Amino acid sequence: MQAARIYGAKDIRIEDVPLTPPQADEVQLKVKYCGICGSDLHEYLEGWGLPTQPYPLTGQTLPVIEGHEFSGEIVAVGAAVTTLAVGDHVTVEPIIACGDCENCRKGQYNICLNAVAADDAGNFLGFSANGGFAEYATVKAAFTHQLPAGMSYELGALAEPTAVVYEAIKKSRLRAGQDIAVLGAGPIGLLTAILAKIAGANHIFVIDVAPERLKVAEQLGFSGVFNPSDADVNALIRQQVPNGVDIAYEAAGVQPTFNTALKLIKRGGILQVIALFGKPITFDITNDVITEGIDIYTTITYQNSFPQVLGIIDNNRELIGQIITKKISLAQLIPEGILALTQDKSQVKILVTPE
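Residues numbered from 1 in each chain as written. Predicted model: local features only at pLDDT ≥ 70, side-chain atom pairs only at ≥ 80, totals over all residues. Heavy atoms only, no water.

S.K.: Which residues make up the overall build of the protein, and what values do they have?
M.R.: Helix and strand counts for the protein come out as 12 helices and 16 strands. For 355 residues, the compact-globule estimate of 2.2 N^0.38 gives 20 Å, and the protein sits close to it at 20 Å. Taken over the C-alpha atoms alone, the protein extends approximately 60 × 40 × 40 Å along its principal axes. With 355 residues in all, the protein has 55% of them scored as buried. Here the contacts in the protein between residues at least 6 apart in sequence split such that 72% fall between residues at least 24 apart. For the protein, the exposed area adds up to about 14,900 Å²; of that, 50% sits on carbon and sulfur atoms. (Helix = DSSP H or I, 4+ residues; strand = E, 2+ residues; numbered from the N terminus. Rg over C-alpha atoms; globule rule 2.2 N^0.38 Å. Buried < 20%, exposed > 50% of the residue type's maximum accessible area, 1.4 Å probe, protein only. Contact = heavy atoms within 4.5 Å. Areas by Shrake-Rupley, 256 points an atom, 1.4 Å probe, with all protein chains shown as cover.)

Dropping the structure here:
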């Protein structure tokens with residue numbers, strides 16, 4: 001089969017890879033779509049999260065098939081699989097976990113105690129096991145979820161990033177009627193605004209320095225969009241919510257947006273960090289956090305949420321589907337996918353199809 005294998009920073013090769021049958025607890029699917037994530041960009045540009053030595057749970061080392069946001073049709077099932085069948089339309093929860101450690105037994109498999117590598121390789125398909133930028137993928141049946149009837153494969157490929165956002169919404173305890181701000185209008189930021197709207201948030205403010213991204217936010221129906229390069233965002237938002245927002249979602253992962261988020265939150269509010277930060281940041285924890293009564297929460301991926309997420313997508317197909325801005329072939333992965341996302345801010349979610 002054809003697959004995009006990464007060998008290291010800036011080294012992805014589209015090549016023929018042997019196709020092997022699924023093990024007893026696995027299913028094999030014909031990949032229909034696989035989304036490009038921000039972590040895929042870091043993986044390619046910087047070699048971030050790659051297994052330079054055998055990964056503890058999989059034994060995988062470079063090269064590895066990239067991609068972790070994918071959907072497809074099951075074409076083969078392992079001997080022990082009883083809940084899925086050939087022909088099922090599915091999406092994949094791309095976590096790697098042992099299933100036996102204390103955290104896994106508590107349902108916190110996203111922070112599996114045995115999914116820790118000395119070289120910081122990621123506990124994801126597409127990092128420490130083969131992923132979805134390929135014609136076929138073989139995955140654990142336990143992490144494979146059927147799509148609701150009639151849901152497109154394109155929407156199925158959005159389940160993984162939507163699950164990231166759902167986990168943050170859940171962790172922040174957002175309630176209907178609260179006011180929120182989203183810092184960063186990339187795919188995760190826009191999905192955060194969408195899910196907050198679905199959850200009943202009152203004022204929803206979207207903040208980004210890229211006019212193209214703010215235009216997409218407006219097209220999605222959000223009117224409170226602000227560019228901090230053009231105006232004092234804190235002053236503008238406090239004209240509408242004088243005490244500040246109840247929750248700020250940090251979806252950009254840089255020092256300036258973290259600083260802005262803290263300024264926007266009312267006393268006793270919540271800063272929910274979704275983004276990963278490429279560099280260490282600093283802040284005045286006494287004066288900006290403790291004395292203001294602000295709680296800072298973080299999330300890493302998701303746990304036990306894909307069925308709920310698929311229900312949310314199913315009930316909001318048209319709205320959530322609008323974040324898909326381009327579909328490309330596997331051969332176009334680097335020029336029209338990865339590099340396009342680094343250069344063209346009008347692109348939000350690019351899907352790759354190997355068909």
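S.K.: Which residues make up the side chain of N227, and what are the values?
M.R.: Along the chain, the position of N227 falls in the loop between β11 (224-226) and α7 (233-240). Of note is the side chain of N227, whose polar atom sits 3.3 Å from the backbone oxygen of V209. At a separation of 2.9 Å, a polar atom in the side chain of N227 contacts the main-chain amide nitrogen of S229. Once residues within four sequence positions are removed from consideration, N227 is found in contact with D208, V209, P211, L214 and V233. (Polar contact = N/O pair within 3.5 Å; in protein donor to acceptor, adjacent residues only side chain to side chain.)

S.K.: Help me get a handle on the nonpolar core, residues and values and all.
M.R.: Of all hydrophobic cores here, the largest spans 95 residues; its most connected members are I36, F70 and I180. Sort the elements by how many residues they give to this core and helix α4 (residues 159-172) lands first, with seven residues. Once you skip the residues sitting within four places of it in the chain, I180 turns out to touch L174, A196, A201, H203, I204, F205, V245, I247 and Y249. Core analysis: the next-biggest nonpolar cluster, separate from the first, contains 19 residues, A181, F205, I207 and A248 among them. (Core = buried A, V, L, I, M, F, W, Y, C linked by side-chain atoms within 4.5 Å.)

S.K.: Explain the sheet that holds strand β13 (residues 265-273) to me, and be specific about the residues and the numbers.
M.R.: The strand order across the open sheet formed by six strands is β11-β10-β9-β12-β13-β14, and the pairing between neighbours is parallel. Looking along the sheet, the strands with just one partner apiece sit at the ends: β11 and β14 (295-298). Ignoring which end each strand starts from, the neighbouring axes of this sheet average 20° apart. Judged from the four bridges that link them, strand β9 (residues 180-183) and strand β12 (residues 245-250) form a sheet pairing that is parallel. Within β12, the residue paired with V182 across the bridge is Y249. (Pairing = 2+ DSSP bridges. Axes fitted to C-alpha atoms, helices over the stretch in contact; angles between N-to-C directions.)

S.K.: Go over unusual backbone geometry, please, and point to the residues and values.
M.R.: With the exception of glycine, the majority of residues adopt a negative phi angle, and the majority of peptide bonds are in the trans configuration. Here L62 and P63 are connected by a cis peptide whose omega angle stands at 0°. Phi is positive for K10, close to 60°, though the residue is something other than glycine. Within the secondary structure layout, K10 lies in the loop between β1 (2-8) and β2 (11-16). Its identity as a non-glycine residue notwithstanding, R173 has a phi of 60°, on the positive side.

S.K.: Any details on helix α6 (residues 211-219)? Residues and values, ideally.
M.R.: All of the buried residues along α6 are R213, L214, V216 and A217. The arc that holds the buried residues of α6, viewed along the axis, is 155°, so those residues lie on one side. Exposed side of α6, more than 90 degrees from the buried face: P211, K215 and Q219 are the residues found there. Check the buried side of α6 and you find it contacts α5 (187-199), β10 (204-207) and β11. Just downstream of α6 lies G221, where phi reads positive at about 105°. (Arc of directions from axis to C-beta.)

S.K.: Run through the pattern of salt bridges, naming residues and quoting values.
M.R.: Counted under the stated rule, the structure contains 12 salt bridges. Put simply, D25 and K140 hold a salt bridge, and the shortest N to O gap is 2.9 Å. Residue D25 is located in the loop between β2 and β3 (26-35), and its partner K140 is located in strand β7 (residues 136-140); the two are separated by 115 residues in the primary sequence. Residue class for D25 comes out partly exposed when judged on its relative accessible area of 36%. Of the residues examined, K140 reaches a relative accessible area of 39% and is grouped as partly exposed. Across the salt bridge formed by K32 and E355, the nearest N and O atoms sit 2.8 Å from each other. Taken together, the residues span a long stretch of sequence, with K32 in strand β3 and E355 in the segment after β16 (349-353) at a distance of 323 residues. (Salt bridge = Lys/Arg side-chain N within 4 Å of Asp/Glu carboxyl O.)

S.K.: Got a sec to walk through the sheet that holds β1? Specific residues and values, please.
M.R.: Taken in spatial order, the three strands of this open sheet run β2-β1-β4, and their pairing is antiparallel. Since the sheet does not close on itself, it has two edges, and those belong to β2 and β4 (64-65), each with one partner. Bridge count between β1 and β4: two bridges; the pairing is antiparallel. When the bridges of β4 are listed, R5 appears paired with I65.

S.K.: Now, about α5: what can you tell me, with residues and values included?
M.R.: The end-to-end C-alpha separation of α5 is 18 Å, in line with the 18 Å expected for 13 residues at 1.5 Å each. Restricting attention to buried positions, one finds in α5 the residues P187, G189, L190, L191, T192, A193, I194, L195 and A196. Immediately downstream of α5, the backbone of G200 shows phi near 100°, a positive value. (Expected span 1.5 Å × (residues − 1).)

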